[in-house]
Each structure stands twice: as C-alpha cells, then as structure tokens.
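What the coordinates show
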Amino acid sequence: MPQFQSYPSVTTVAPDDLVLIHQDASGVEKTVKYSDLVSSGYLINVKSYGAVGDGVTNDSAAVQAAFNAAIQGSVILFPATANSYIINTPISVPLGGITVIGYGAVLSQTADTQYRKFTLAGKSSVWFNGLSFNGGYSSMAPVTNNGTIYVSGYSSGVKVTNCQFINTAAANIYLSGECANVTIENNTFFNNYCPIITASSGGLSAYRLKVANNQFSSGGISTVASGNSQSIWISGAASNCLEHVISGNSISSFSKYAIRLDSLVINSSISGNSISNAGSGIYVVSGNNLTISGNTLSAIVYDGIYASGSTRVTISGNSVTTTDSNSNGIKITTTDRGLISANNILSAGDAIVVVDCLHPSVTGNLAKTTGEQVMILAGGSTNAKTNAVISGNNFVASPATRYHILLEADAGAVNNALITSNFLSEAVLDAGINLKAPNPAGPSINDVNITANNTTNAVSGGLMLDYGGTSNPQDVINRVWCSGNLGQPNNRYRSLNVDYFATSNSIAIPYAWFQFQNGTVGFDASGGAKTFELPPSGDYPGWRVTIEKTDSSTNPVTISGYGGTQINGQATYVLRCKGESVTLVNGVSQWNIEAKILNSVTLVYRGSNQSIPNNAETTISWLNANNNSANAWSIANPDRIYVPAGAKLVRVSCNFRWAYNATGTQRVIKLKASGGSVPVFATSAVGPAGIPASFGTSSYLSTPIIKVSDLPDGSSGYFYVTATQDSGGALDIFGNFEHTNFQIEVIE
C-alpha cells in the first residue's frame, strides 16, 4: 500500500491548523495554511463544484469545472471520502502552475473503455500529490499507448509524488513527445500493465525524467496482460531523449522487463534500484553514455542487465542473480566501449556475455555460474570485435561448467583481446580459457594476449585452443601470446591450429589433449627452463609443429615425446639460443626433424677507432653488440666471444679496415681460439698485398665450420682477434660498424 505524505484529515483538524505543501504560479514549492489559501482564492475544493466521491456518481463534469476555475498558483483539493471519485471522462488540465492534492482520495471509474484520468497538453509546473488511482481494469484490454495521467506536447516541470496507482490496463503515467524535467517520486504502483511509458512524437522525446524511490509490483499482472508487463519503459527515437535518472526504485514481479530503455536514450543513469522476480531486469537498446550502477537484481528469468547497439555503457557495482539455464547475468551486444566492472553475478546460465562489440572491458567482477561458461566473448554477425580487455576478475565455476572464459569466433572474428590477472576458480569440465574457432575456413581469432591468470582444478588445464577441426584445417587462431599463467594442473593446450603461439609456461600434456597443425609455438624461457612434450608418433601422422626459443637467456627449451617417443632417434631436442627453432613432423615411429634454424648469432663492433702500436700484436677490444642472440659476449670481457651454450658447430668471421699508410711490409689480422696451443683459424694477407693502397680497402676473414669438441678449451672456450702492423708508428683500425666487426654463428 502507498506511503502517502502525511496529510491530516479535514474532519479532525480545523482548517486554520491545516498546512499544505503546494507550488506557486512559477512552480516553486511552498507551505501554506489552508485558511490562507481559502482567503486568497487559490484553494479550489472539487466538492464545492459538485463532486460527490461516493463511488457511484460520475464526478467528471464537476471535477472539470473545478479545474476550469483554477488560476496559476491554485491548489485543487480532493478531500478524502469513504468511496472514490468516479472519473469516466478524462479531465483536461487547462493551465500550468497548479497543484492537485488528494489526502489519499481515490479516483476510479465505471467505464470499461476509459484509460485516462487527466490529460496535459503543453502545460508546465503541474503537481499531482497524494492521490490514489484505481483503474479497475479487470475487463479492459491492456494497451501501451494511453495512461492514467497523459502528458503530451511541450510539458515541463510536471511532478507526480506520493500517489498510488492500482489495477490499470495501460500506463499510469504516459509521456508523449517533448516532455521535460518530469519528476515521478515516492509513488506506489501495484497490479498495473506498464506503470511508466515515454514515447516519441513528432520526432521529439521526453528528457530529464527523474523516476526515484517508487515501489512497483505487477501483482500477477501477467494473467491479464498476456505476460508482457514492464514497469518503466523509456523510448527515445529522437536525439533529445536524454539525461534521465532512474534511481532508488523497488520493482518486482514484472513478466517482461523491469526497466526498459530503447531508441536513442542518451546521458542517463539507472542506479540503486532493487529488482526481483522479473523476466528481464534492465534492458537497454541504442543507448549512449549510460551508467547502470549499484542495482540489485534477484530471481531474474532471462537477462539481468542487457545492452545492445549502444555506445559508452558503464555497468558497474551491480548485484545480479538469474534463475534460468538460458539466462545471462550481464549481456552486451553490438556495443562500443562497454565497461562491465565490479559486479557480483550469480547466474544459472552464463554470467557475462559480450557479443559483436568494440573495445569491451570486463574488469574486477565476481561472477559465478551453474551453466556452461562464466563468460563468453564472441564474434557476431560482423568482423569488427576488437580490443577486448578481460582483467582482474574472479570467475567461479560449478560442476556443470565447461569453461571459465570462452572466446568464440562463430559468425564473426574476435581480434586483439587481452586476458590478464584473472582468478579462475573451482573445477571446470574442460579448460579455464578456451579460444574456439569452430569453422575451419574462418572467421578467426587473432592477436590474443593471455597473461598472469590463475586457473584452479581445470580438467583440461588452463588454456584450450580449439579450431573445431577437419583433416585439413585452415589457420583460424592466429598470434596468441601466453605468459606468467598458473594452472592446476599445469596449462594444457588442445586442438592448437595457430600460426604463432607464444608462451612462458611449460607444456606437459597427456597426448589425448594435444593436437597441432602447421603453426609455431614460441617459448619465453627468461624465467627458467621450459619443456614441451609432444604426443606419441602415429597418433597424428603428418602433423607438423615448429618450436622456437624467443628469449636471450641461457635457459633451455627441452622438447621430448610422450611415453618415450623419440625425436630423430634421440630422447630430447634442446633449443638454447634466441631465434633457434626446429620443425618436427609426426611420423609412424618417431617425430622427424624436417627443418631447423640455428638463428644464434653474436655480432660485435667497436664504434670508435683502435690504435695498433708498431710491431706489437694487439688484441682488438669490442665495445658494442649489434646482435647478441647467442649471448656469447659481454662488456665485462670485451675482447672475446665465447662459444655459445649447447653449440656443437660454429663459424667465426670478421671484417676490418686499416687506416691508409703505405710504409712497412705487413698488416695482419688473425682469428684465434683460447687454449694452450692458441690455434690460429684465419689470417689476413701479409706482405705488400696486405697493405691498403688507398682509403676504402677492406678485408673479410672467415673460419671454416669448427667442431666445438675440437677446440682446446671445448665448449668453455672463446675466440678473439689480433692485429699486427709495421708502419713505423701507431696505426688505426677504423671502428665504425660497417668497417670493423666480429661475429660467431651457431651452425648446430
């Protein structure tokens, strides 16, 4: 029942003691004594114009006469009676700047075809306060184009407060066209079809509507209204439908939508509302700059919060509970820059669904589901899903859940997604994160960065990449970077069909969960040694995988076969240097090496000239590294390049250029290796042929391929370069990169 503003009964209080709240001719709220209103001529009592209020007499004409007598600043009073005032003909409000007060008086009807009680067309500053409206709709068909209080034209500053609306088969308050600064506050709506509706007219819509602290309940309206009841329906379809505030309302038992905003609703907020037992909670279509925050939604059958075709929608700090297995806690579709943050969601279906969106951000939510997925990021009907961020969430699964996070390229691609710092807890049937491209010919999932997530108790591990598969799948999952993730059990990867996949996690997989075709897995081993376990040979004959080490540390990436399956007759194959890779093909009895790249190089240069004394063999010192992927040189020992870790075959070379000087008989450069016998592997020309005839002459030295085991110091040895000249004085070797440099290549 309504909580009316406290108005004493005229039968128990002397008129001189009665204080009324009203608004003057300019719409300013004031308090005034009853007797002062009477003496000033501003009080109009409908009973003085013949209204009876006995529940039988048609009071329409008397009430209309009372309104016609009003002037701006008038207070039109409906004294409370034991029965209702019968209004069978709508009352036309002839002017603005008036207050209509009811003391809880009931306005009803006996005509089964009459929906309206009051109509306002282009009137401003009209205030309805403390009235009770009973629609008596049991034999009336529900409609959405009419209302108890019908406001149209340019009507501004209309207020409806402390009123009760019951049993209405239409809207209780209907705003048509350009209605501005309307306040609907502290009212009770019970057993009505659609309590509040706004609609555009002549290309214009309501703006600056405030709906606050009202109570809405359909009271079983669905049995009469064909299951389509909704409490607040704001329809824009015009660029001026903006700056609405819907806050602090209690809404329950509406079979369709609790709050519905559609068609160009701009710069508006829905906050602090309590919604329960509704078909859908908050439904937004074509919104712009909307905030949906701090609402509590419980026992929602379908979507708790839904936004579609919108821009810059913030959904934050809400509590959402849904009950149907096909429901979604929060769902946004075809929306640009949607932010879903800090919500608490318990869904019987999927907790968070993002489809066909640009720049969506899902951050800091606590979401739990009893359905298949906690969250879905999916491609819809177009190919423009980009720049998604899923971070800092706590996603809790149930025994029926397959994935915590599912990225699916179904009808459209999913591009540029960051999944980071999420805690994915409780067991799931498959993987914590699944990247799924079910159609082998596309669309695809591209450029996904998966970092610092923690997955617990996932049967198939932390991450699954699933192409949906044929015998000759196309590349439909492309460029995936995975680093710093934790998984219980360790990350596992199934149905990989990726042109490039990067990880800093070891991959130790029961072979039944691993498939891979025509792609590269790049391992970052900077945080420690990594392992990659291949499935046994014969299970996927002809399948090909390239494995690459992507960091410059000395930590190895070790490749092995499941159950002792060999790689070219060996138990393991080890990648030790940045850029080193191997391409393996699954054969009948083992994995075969098809190709390998030993892209392990250290190339150093001076950067400045070095002076070589006369007749003194001098070791050249190198001051800069152009490439140190083999990690074989350091400034701590600038005159040498060490044998790279794990290298079996190497080749060493250098370029050099002397300054011009024709005096003497020798200009000699030697490539040497450490060890007792100090072997010389290459020497430049000696005698007159080694003396540059003019500036610009340069030389190149290279060793043959050297077996590291043949070196005096073996794998712990190093190489260096010496220079000797006899010009009679000091002579420079040029230091710029293109003239003088020193390099080692790992051949195997």
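Before any of the text, the structure's been laid out above.
The structure presented is a predicted model; accordingly, all values stated were derived computationally and were not measured.

Looking now at the overall build of the protein. When you go through the protein residue by residue, the secondary structure sums to 2 helices and 68 strands. When burial is assessed residue by residue, the protein has 56% of its 748 residues classed as buried. Restricting to contacts in the protein with at least 6 residues of sequence separation, those with at least 24 account for 67%.

This next bit is on the layout of surface pockets. In this structure, the largest pocket encloses a volume near 380 Å³. Contributing to the lining of the largest pocket are 18 residues, with Tyr-573, Val-574, Gly-646, Lys-648 and Glu-748 lying nearest its centre. Going through the elements one at a time, strand S53 (572–575) and strand S55 (591–598) are the ones with two or more residues in the lining of the largest pocket. Considering only residue class, the lining of the largest pocket consists of 9 nonpolar, 4 polar and 5 charged.

What follows concerns the sheet that holds strand S52 (residues 557–561). One open sheet holds the 3 strands; their spatial order is S50-S52-S53, and the pairing between them is mixed. Taken across any chain shown, the strands that pair with only one partner, and hence form the sheet edges, are strand S50 (530–534) and S53. The average angle at which neighbouring strand axes cross in this sheet is 20°, direction not considered. As defined by bridge partners, S52 adjoins S53 across 4 bridges and the pair is classed as antiparallel.

Okay, the pairing of strand S28 (residues 311–316) next. In the sheet, strand S25 (residues 280–293) pairs with S28 via 5 bridges, with the strands oriented parallel. Pairing of Asn-288 across the sheet is with Thr-311, part of S28. For S28 and strand S31 (residues 339–341), the ladder comprises 3 bridges, and the chain directions are parallel. Counted as the bridge partner of Thr-314 is Leu-339 from S31.

Here is what the cut-offs are and how they apply
- Residues numbered from 1 in each chain as written.
- Predicted model: local features only at pLDDT ≥ 70, side-chain atom pairs only at ≥ 80, totals over all residues.
- Heavy atoms only, no water.
- Helix = DSSP H or I, 4+ residues; strand = E, 2+ residues; numbered from the N terminus.
- Buried < 20%, exposed > 50% of the residue type's maximum accessible area, 1.4 Å probe, protein only.
- Contact = heavy atoms within 4.5 Å.
- 1 Å grid on protein atoms, 1.4 Å probe; cavity = no way out; pocket = protein on both sides within 12 Å on 5 of 7 lines; lining within 4 Å.
- Points joined across faces, edges and corners; volume = space filled by probe spheres on them.
- Nonpolar A, V, L, I, M, F, W, Y, C, P; charged D, E, K, R; others polar.
- Pairing = 2+ DSSP bridges.
- Axes fitted to C-alpha atoms, helices over the stretch in contact; angles between N-to-C directions.

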